[in-house]
Amino acid sequence: MSYVYLYALLGVGLFVLGLNALIIHPHMLRKILAVNVMSTGVFLVLVALSSRNEEVLPDPVPHAMVITGIVVSVSATALALILMLKVNRATGKNELPDRGRD
Amino acid sequence: MELILEGVPWIVVLIILPLTGGMACFLFPKISKSLGLLTSLAVVACVWGLGWQLIEEGAQRYAIGGWGAPLGIDLYADGLSLVMLAVAALVGLGISVYSSAYFSRDKANHFWPLWLFLCGALNALFLSSDIFNLYVTLELLGLTAVALVALADGAQALISAMRYLLVNLMGSLFYLLGVAFLYHSLGSLDIAILAQRAQPSPAMWAAVGLISTGLLLKTALFPMHFWLPAAHACAPTPVSAVLSALVVKASFYILLRMWLEIFPMVGSSFAQLMGGLGAAAVLWGGVQALRQTRLKMLIAYSTVSQLGYLFLAFPLGMSVAWRGALYMLLSHAVAKAAMFMAAGNILAAGGDDRIADLSSITQRLPLTLTAFSLAGMSIMGLPPSGGFIAKWLLLEASIQSGQWWWGVILLLGGLLAAVYVFKVVGHVFTQAEPKLEARAVPARMEWTALVLALVVIFLGLFASWPLAIMEIGSPFGEGDSG
Amino acid sequence: MERNPWLLPLLLMLCVGLGYAVLSMPEPVEGLPEILVDNMELAGVSNPVTAVLLNFRGYDTLLEMGVLLVALLGMWSLGGMPDYHESSPGLVLDIMSRQLVPVLILVAGYLLWVGADAPGGAFQAGSLLGAAGVLLLLCGWRIGNRCSGLPLRILLVLGLGMFVMAGTGLLLIGGGLLQYPPSVANELILMIEAAATLSIGATLAAMFLGCRPGGTDK
């Protein structure tokens, strides 16, 4: 029973780690990877907590949610990657320019 | 006739129609423009049909697949969703007409499928009653919006699109984690069922925080507004209009729904925080708008400022406050779309949108100037316009509840808006030689801006009807009237 | 951006707070799994995840096919990378892909079929097809010019289109949107999943390529 919560905590940890990387790193590819780590964390939380009750089979609804989430994440990553390549091609740099004066 | 109107499940048609239109435009790019215009018209007709249904039968709930919550996904339409759908359909039609003249052939082939999918995502979002379904619609909305922003040429557009995409993804993931917490602690994904089962607990608090953070990021509430001005200003004009008018309001709608149904027991401190951030947004956005030298950036910062008003309703919490915020949403959507279209016309005529050079262009575009001025009236909150009604309601709420400081913010915001609107409009009345190279702007583009601006004035003159519609299904709870 | 000293403590607090919320998560009083078990005979498949994905919450899957398509539309609207140089595949890649691609296609078909009773289904099969497509693209294979216009577009739209057609068809026949009659639910789900598999595979492979095959828009 308790190992389920271990996985869920791991998921939370991944989420926060990914968030940290998203905020800190200026390189666009790192930001995209950080988003992927964050989403992995969320999926882990979803799936881990679906097996809390040991006598029954795990709850399939979070599993379906995660499958949907993975597909959405793949699509978004694909779009982000091509945008990154295009920004690189247009500006010659790999980082988004500073936001400048607000 | 009534039989047709009542028998058809307009809820479903509203979602399937734009999706089908988008697919058709993708398959047959040669006729995409006509297909797009047709679909936008059809969506307006369907909203009309749904409105009829709602007025006759009250709020509608549709169980997809026949399963019903909590097993399946439910669609739900009440006054609040109807108002959002109507705004989206109306502004959407205007944008479709505007875009039919705006884009060149190859850009148009990419624009129409993406635009129709965005319409479909908006409709699906406004009608959904399932928090995970809302996540999928949010992602659909975000990806189409990013792709549309990136249609503009130039490094600036690409950079702002990239930033917008990253912010969207961050917001969606916060939201999804909140959904995970909500589901695992309460056992359902349906909003109505969650409302019944909601109880304060650490998981609930975490969910509230996560979901709100994610949605506030997408709604660009200060201080998470950093991505908005660049994205809205660098996008192609019709896309800027969509973003400011509809896309940021979609996440606000979700936040409103969650707040009204699931989160009421969270307490007032969080509401005060949101109100405070809203007030900061109003002032900060207004000040920044004053400092801009380019017209589209000014309008984008004006969006940041106006979005702040929407959050003043949270600490006020009364029915009249919610209606005021919703009316503000409605008028701002139409007015901002008109403003961006006007700016686009000026850009198309003169080649750039520096405010200092406006006088030489604008003398050739009387319709556009009228549109901008009328829309500006609503942004300032002058009667007769939708913005005035909205501010009046919010003011009334702030006085009734004794929290008069929000009223002060309303007035200060109006003052700031007046200054930056007059900054633009004033250039009309200065004498300057008309630029010789001004290009002709298609009549369609000018007229769309003007028609939308006139709608804002109508919203100010005939306010009782939209206000009555909002109350169908009493989304704001049984409360005081007024 | 320079390291904000507040960032790390804030994130730690967030982590601790979320962790505490996870640990104290109450068990829901009435969960979904019991309701699911009761309705499984009506679902048409015996794998609960497939039942949820394609039947109970099929609308989510419909929208998600839309997300896939929209991401590809976005990629195509950006245009490709015009100076992308292809290198010729090495010997290992060439030979391995000749072995692997047919196997991948077979396994994809198997996963699609077995998804009704065991873990599997449209997305899993579609990813394998996509992987096969990626291998082919890496070897320098490109879709023929005749097929890269409308036929390719039809293939990409097939998943979402089949879903929408099935849903509206059922609506028009007299049920609700996506309301499968239990007697034909199995066949309907298989049909939709097959279309979705083809679409997903094609979309993933197209996303890998990044630009529109055939060059300019037709």
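Residues numbered from 1 in each chain as written. Chains lettered and ligands numbered in written order. Predicted model: local features only at pLDDT ≥ 70, side-chain atom pairs only at ≥ 80, totals over all residues. Heavy atoms only, no water.

> Hey, could you go over the pattern of salt bridges for me, with residue numbers and the actual values?
Residue and element names in this part refer to chain B. Tallied over the entire structure, the rule returns 9 salt bridges over all chains. When the shortest N-O distance is used, the salt bridge between Arg 61 and Asp 74 registers 2.8 Å. Placement of the pair is Arg 61 in strand S1 (residues 60-63) and Asp 74 in strand S2 (residues 74-77), with a sequence separation of 13 residues. A salt bridge links Arg 323 to Glu 471; its shortest N-O distance comes to 3.2 Å. (Salt bridge = Lys/Arg side-chain N within 4 Å of Asp/Glu carboxyl O. Helix = DSSP H or I, 4+ residues; strand = E, 2+ residues; numbered from the N terminus.)

> Help me get a handle on helix H2 (residues 10-27) of chain B, residues and values and all.
An α-helix turns once per 3.6 residues; consequently, residues spaced three or four apart project the same way. For H2(B), with 18 residues, the first-to-last C-alpha span of 25 Å sits near the 26 Å given by 1.5 Å per residue. Counting buried positions along H2(B) gives 15 out of 18 residues, so the element sits mostly inside the fold. (Expected span 1.5 Å × (residues − 1). Buried < 20%, exposed > 50% of the residue type's maximum accessible area, 1.4 Å probe, protein only.)

> Got a sec to walk through the interface of chain C and chain B? Specific residues and values, please.
At the interface, 50 residues of chain C touch 52 residues of chain B. Both faces considered, chain C and chain B share a buried interface measuring about 4,500 Å² in area, 76% of it formed by carbon and sulfur atoms. Of all residues in chain C, the largest losses of buried area upon contact with chain B belong to C:Leu32, C:Arg57 and C:Tyr59, amounting jointly to 15% of the total for that side. Across the salt bridge formed by B:Asp130 and C:Arg57, the nearest N and O atoms sit 2.6 Å from each other. Taken together, chain C and chain B are joined by 7 residue pairs in polar contact (both at pLDDT 80 or more). Put simply, the parts of the chain that give the side of chain C that touches chain B at least two residues each are helix H1 (7-23), helix H2 (32-43), helix H3 (48-56), helix H4 (58-78) and helix H7 (150-173) of chain C. It is H4(C) that provides the largest number of residues to the side of chain C that touches chain B, a total of 15 residues. Taken together, the residues of the side of chain C that touches chain B break down into 31 nonpolar, 11 polar and 8 charged. (Contact = heavy atoms within 4.5 Å. Buried area = accessible area lost by both parts, 1.4 Å probe. Polar contact = N/O pair within 3.5 Å; in protein donor to acceptor, adjacent residues only side chain to side chain. Nonpolar A, V, L, I, M, F, W, Y, C, P; charged D, E, K, R; others polar.)

> Residue-level account of the packing of helix H11 (residues 237-261) of chain B against helix H13 (residues 295-311) of chain B, with values.
Residue and element names in this part refer to chain B. Look at H11 against H13: their axes get within 12 Å of each other, and the N-to-C directions meet at 15°. Taken together, the axes of H11 and H13 are roughly parallel relative to one another. In terms of crossing hand, the pair formed by H11 and H13 is right-handed. Between H11 and H13, the contacting residues are Thr 237, Ser 240, Ser 244, Val 248, Lys 249, Phe 252 and Leu 255 on the first element and Lys 296, Thr 303, Leu 307, Leu 310 and Phe 311 on the second. By residue class, the composition of the contact of H11 with H13 is 6 nonpolar, 4 polar and 2 charged. (Axes fitted to C-alpha atoms, helices over the stretch in contact; angles between N-to-C directions. Parallel < 35°, antiparallel > 145°, perpendicular 65-115°, else oblique. Left-handed = near helix turned anticlockwise from the far one by under 90°.)

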